[in-house]
Amino acid sequence: MARVPYINQSDLPAEYRDLLTRPANVFRALANSPELLRAYLQFGMWIRTECALDARLRELAILQVSYMMKNEYEYSHHVKIGGEYGVSNEDIRALIASNEGRPNGLGEVERLVLDASRQMTDDGAISDDVWLALSSHLDAARMVELVMIVTFYGCNARVLSTLQVDVEPEYAHYLTAFPLEPSKTSIGGASAERATTRQSIEET
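Our subject in this report is the structure included herewith. (Residues numbered from 1 in each chain as written. Predicted model: local features only at pLDDT ≥ 70, side-chain atom pairs only at ≥ 80, totals over all residues. Heavy atoms only, no water.)

On to the packing of helix H7 (residues 128–135) against helix H8 (residues 140–163). Between H7 and H8, the least distance of the axes is 10 Å, while the angle of their chain directions is 130°. Judged by the angle between their axes, H7 and H8 are oblique. You can see that H7 and H8 cross each other, and the crossing is right-handed. Across the interface between the two elements, Trp131, Leu134 and Ser135 from H7 touch Met143, Leu146 and Val147 from H8. Residues of the contact of H7 with H8, tallied by class, amount to five nonpolar, one polar and no charged. (Axes fitted to C-alpha atoms, helices over the stretch in contact; angles between N-to-C directions. Helix = DSSP H or I, 4+ residues; strand = E, 2+ residues; numbered from the N terminus. Parallel < 35°, antiparallel > 145°, perpendicular 65-115°, else oblique. Left-handed = near helix turned anticlockwise from the far one by under 90°. Contact = heavy atoms within 4.5 Å. Nonpolar A, V, L, I, M, F, W, Y, C, P; charged D, E, K, R; others polar.)

A few words now on the layout of surface pockets. Estimated volume of the second largest pocket: approximately 400 Å³. Taken together, 20 residues make up the lining of the second largest pocket; nearest its centre are Arg22, Phe27, Tyr40, Leu41 and Arg48. Sorting the residues of the lining of the second largest pocket by element identifies helix H1 (25–30), helix H2 (34–49), helix H4 (72–84) and H8 as the ones contributing at least two each. Along the lines of polarity and charge, the residues of the lining of the second largest pocket split into eleven nonpolar, five polar and four charged. (1 Å grid on protein atoms, 1.4 Å probe; cavity = no way out; pocket = protein on both sides within 12 Å on 5 of 7 lines; lining within 4 Å. Points joined across faces, edges and corners; volume = space filled by probe spheres on them.)

Put into structure tokens, the structure is as follows:
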């Protein structure tokens, strides 16, 4: 259950009601701060409609970030959205196989985009070798956009997890078809580990 109220369109002053034309739970949660939501939607729309990076590569990067961060909301939504931009079921299975170190059949560019997204999520930056290899396929504008997309959706996953935004029922079947493995680094797991550590310290 979300940690903040889900705002309805009728709850907002008239000048903000356009923000909830599509009342997804993420928007309803962020609508507790309407001006923040407006900025969020503007940047999200730019990513969706104006950035030069190939849309299929963009969605694979977003899926990689949400898969690693085990965020069911972002992941399930982008399984659906990815399908609208050319990401097939086979692509998602290949992404999962790639994360598990199994043969996956991904092309070189797709593999490098996933490698770059993994490195940014794990280490905070793309290594020189992956950057060099990927920049032989993507120009500087697309490289910068990829970095911003991975950063934005990493931030988004943290917001969704911290606010505990609920997956809408109509997206639940994507999690059944392409399940996320339990994460040792999830917020709950990290909290439990900290609690165990704190108890051990107190007992010494």
